[in-house]
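Chain by chain, the residues:
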Amino acid sequence: MNNYKVWFVTGAQLLYGGDAVIAVDAHSTEMVAGLNASGKLPVEVVYKGTANSSKEVEAVMKAANNDETCIGIITWMHTFSPAKMWIHGLQQLKKPLLHLHTQYNREIPWDTMDMDFMNLNQSAHGDREFGHICTRMRIRRKVVVGHWQDEETQRKIAVWMRVCAGWADAQDMLILRFGDQMNNVAVTDGDKVEAEQRLGYHVDYCPVSELMTYHAQVKDEAVDALVATYFQSYDHDAELEDPSTEAYRKVWNSAKAELALRAILKAKGAKGFTTNFDDLGQTDGSFFDQIPGLASQRLMAEGYGFGAEGDWKSAALYRTVWVMSQGTGCSFLEDYTLNFDGANSSILQAHMLEVCPLIAAARPRLEVHFLGIGIRKSLTARLVFTSKTGTGCTATVIDLGNRFRLIVNDVECIEPKPLPQLPVASALWIPMPNFEVGAGAWILAGGTHHSCFSYGLSAEYWEDYAEIAGIEMVHINRDTTISEFKKELRMNEVYYMLNKALC
Ligand code: MN
């Protein structure tokens, strides 16, 4: 977040004379300083001055497009700012837009207010004029209404800022696919060309043989050091520390796999990756002797996007979740198995191995067990834990052929029972509004069995994300009913068919 800035541009005009603009400028400076001093905003706001003409608006929009540190623009109309002067600039703008409908003064100064005050403080109608031109031009934006010093106003701006950071991060995101999609799977596949145009990220195939050239170069001392870190970081049986055991060798090989993966991701500048359990390198060369699940778990916690079985859409979305939530409590997850239990019916979320320890309720446990899936059925190291309880939100993007759809479901993580025979990391949740409606709506929407979960990102984040990306979003929540949800899906089908710009 420290690398990013959000620009603040105040709309005005010269009708009221230079003194008015000077006052507008002083108020804006004070407001931006106040926003930055609030401690509520994750990204610094930079005041870029008043825009008083079409030329000035266009210049600041073009400058924002070309400044790599600028991840979004906040506009506010202090005085009346005739909106035709915003047309050319808004046509140029490529960065996310937040329209802040606020006012310098909180309350009307009843005793002293005169016509000069009225001429200067016109956001009540100036922001409506600006809103009109945005709507007329179909400009996607977030509108935040509230006094700039209010916590709720600042919270909404902060949400949008985190989304802007995730968006900016995705625009040069490279996802490496080690191996292809799992054969025949439909929902995790999709149009990579459209994804790059619409969502920003680039997805490349990387031969596992190339990954293995990095694997071959990993130094034994580096592996030893990483294994020592594991033993410090995670609970484990004493046997694991005995170098004469098979379990120790498996942990050691897992650490080597992690170092190889991190090395190639860094060398290629990749922010995420996918794996395929049937493609782990040839045994006549350097190879993974087990699925690199522990590596995937730890790299996810570090912020690398991850999708299993070639699921590059989930890998990219997880990376964005990690950026937006600033690395707190998020994971790639899979709908694993159902627990029918009346009003508490729930879904166990897990994967073979790859669940991020950022959602763990307690210190994870490093364990080695046999895993009978994939090309190399073998003893396999993994972190075992259960998730924290509490509310969260899970999200996925699917490709409908003519567009992407973002599906978001509020969920409640509940206390699971012990799983002595299933030593994998997991979460247990009830999808809102309840299991039957939540799972039913998700299935009607065409949602994946993989999704990107977080505790900290509410649907408001996803609404901002979908607005910036210009993609469809459906939100399954406490108020969802199947019949209304089906209507929404049908309406959206028509909307997106007619609105070709979004398809
Ligand atoms: Mn899976």
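Relevant structure appears above.
Rules and cut-offs
- Residues numbered from 1 in each chain as written.
- Predicted model: local features only at pLDDT ≥ 70, side-chain atom pairs only at ≥ 80, totals over all residues.
- Heavy atoms only, no water.
- Pairing = 2+ DSSP bridges.
- Helix = DSSP H or I, 4+ residues; strand = E, 2+ residues; numbered from the N terminus.
- Axes fitted to C-alpha atoms, helices over the stretch in contact; angles between N-to-C directions.
- 1 Å grid on protein atoms, 1.4 Å probe; cavity = no way out; pocket = protein on both sides within 12 Å on 5 of 7 lines; lining within 4 Å.
- Points joined across faces, edges and corners; volume = space filled by probe spheres on them.
- Nonpolar A, V, L, I, M, F, W, Y, C, P; charged D, E, K, R; others polar.
- Buried < 20%, exposed > 50% of the residue type's maximum accessible area, 1.4 Å probe, protein only.
- Donors = N, O, S within 2.8 Å, 3.2 Å for Na, K, Ca; no water.
- Core = buried A, V, L, I, M, F, W, Y, C linked by side-chain atoms within 4.5 Å.
- Contact = heavy atoms within 4.5 Å.
- Arc of directions from axis to C-beta.
- Polar contact = N/O pair within 3.5 Å; in protein donor to acceptor, adjacent residues only side chain to side chain.

Q: Is there a simple way to explain the sheet that holds strand 2 (residues 44–51) in this structure?
A: Neighbouring strands of a sheet are bound in pairs by backbone hydrogen bonds; such pairs are parallel or else antiparallel. The parallel open sheet is built from five strands, whose spatial order is 2-1-3-4-5. Two strands bound the open sheet, and with one partner strand each, they are strand 2 and strand 5 (142–145). Shown here is a sheet whose adjacent strand axes are inclined to one another by a mean of 25 degrees, direction ignored. By the bridge criterion, four bridges tie strand 4 (residues 97–101) to strand 5 in an arrangement that is parallel. By the bridge assignment for strand 5, leucine 100 is matched with valine 144.

Q: What exactly am I supposed to notice about empty space enclosed by the protein here?
A: Think of a ball as big as a water molecule: rolled over the atoms, this probe shows where empty space is left. Overall, the coordinates contain two cavities of 30 Å³ or more when judged by the stated rule. Roughly 50 Å³ of internal volume is contained in the largest cavity. Phe178, Val208, Leu211, Leu261, Thr275, Asn276, Asp279, Leu280, Phe288 and Pro292 are the residues that line the largest cavity. The class makeup of the residues in the lining of the largest cavity is seven nonpolar, two polar and one charged.

Q: Can you walk me through the layout of surface pockets in this structure?
A: By volume, the largest pocket amounts to about 1200 Å³. Along its surface, the largest pocket is lined by 41 residues, and Arg140, Glu467, Ile468, Ala469 and Gly470 are the ones closest to its centre. Of all the secondary-structure elements, those providing two or more residues to the lining of the largest pocket are strand 3 (70–77), helix 3 (87–92), helix 6 (151–170), helix 7 (192–199), helix 14 (459–469), strand 18 (472–476) and helix 15 (482–498). The leading source of residues in the lining of the largest pocket is helix 14, at five residues. Considered class by class, the residues forming the lining of the largest pocket number 21 nonpolar, eight polar and twelve charged. Computed from the structure, the second largest pocket encloses a volume of approximately 300 Å³. In terms of lining, the second largest pocket is formed by 14 residues, of which the most central are Asn339, Ser346, Pro416, Lys417 and Leu428. Those elements that provide at least two residues to the lining of the second largest pocket are strand 10 (330–339) and strand 11 (346–350).

Q: I tried to follow helix 14 on my own but got confused; where do I start?
A: Given 3.6 residues per helical turn, the α-helix brings residues three or four places apart onto the same face. Burial runs high along helix 14: eight of the eleven residues are buried. Along helix 14, the positions that sit buried rather than exposed are Ala459, Tyr461, Trp462, Asp464, Tyr465, Ala466, Ile468 and Ala469. Where helix 14 terminates, the next one or two residues include glycine 470, which has phi positive at roughly 75 degrees.

Q: For this particular structure, what's the right way to read the coordination of the manganese ion?
A: Tetrahedral coordination by four donors places them ideally at 109.5 degrees to one another around the metal; octahedral coordination by six donors ideally gives 90 or 180 degrees. Looking at the manganese ion, one finds its protein donor set to be Glu309 (OE), Glu334 (OE), His351 (NE2) and His450 (NE2), positioned 1.9 to 2.2 Å from the metal centre. Along the chain, the residues donating to the manganese ion fall in the pattern E-x24-E-x16-H-x98-H. Of this pair, glutamate 334 sits in strand 10 while histidine 450 sits in strand 17 (residues 450–454), and the two are 116 residues apart along the sequence. The burial state of glutamate 334 is the same as that of histidine 450; both residues are buried.

Q: Explanation requested: the nonpolar core in the structure shown.
A: A general feature of soluble globular proteins is that nonpolar side chains tend to end up buried together. Core analysis: the largest hydrophobic core is formed by 122 residues, its most contacted members being Leu406 and Trp462. Per element, the largest residue contribution to this core is eleven residues, and it comes from helix 10 (residues 246–268). Excluding residues within four positions of it along the chain, leucine 406 makes contact with Ala395, Thr396, Val397, Trp462, Tyr465, Ala466, Ile471, Glu472, Met473 and Val474. Core analysis: the second largest hydrophobic core is formed by 20 residues, Val9, Ala51, Ile73 and Cys134 among them.

Q: Looking at this model, I keep getting lost on helix 7. Mind explaining?
A: Considered for burial, the residues of helix 7 that qualify are Ala195, Arg198 and Leu199. All buried residues of helix 7 lie within an arc of 80 degrees about the axis, which places them on one face of the element. Projecting away from the buried face of helix 7 at angles above 90 degrees are the exposed residues Val193 and Gln197. In this structure, the buried side of helix 7 is in contact with helix 6, helix 12 (312–324), strand 14 (390–399), strand 15 (404–413) and helix 14. Of the residues flanking the start of helix 7, the one acting as N-cap is aspartate 191, its side-chain oxygen 2.9 Å from the backbone nitrogen of valine 193. Following helix 7 by one or two positions, glycine 200 adopts a phi angle in the positive range, close to 100 degrees.

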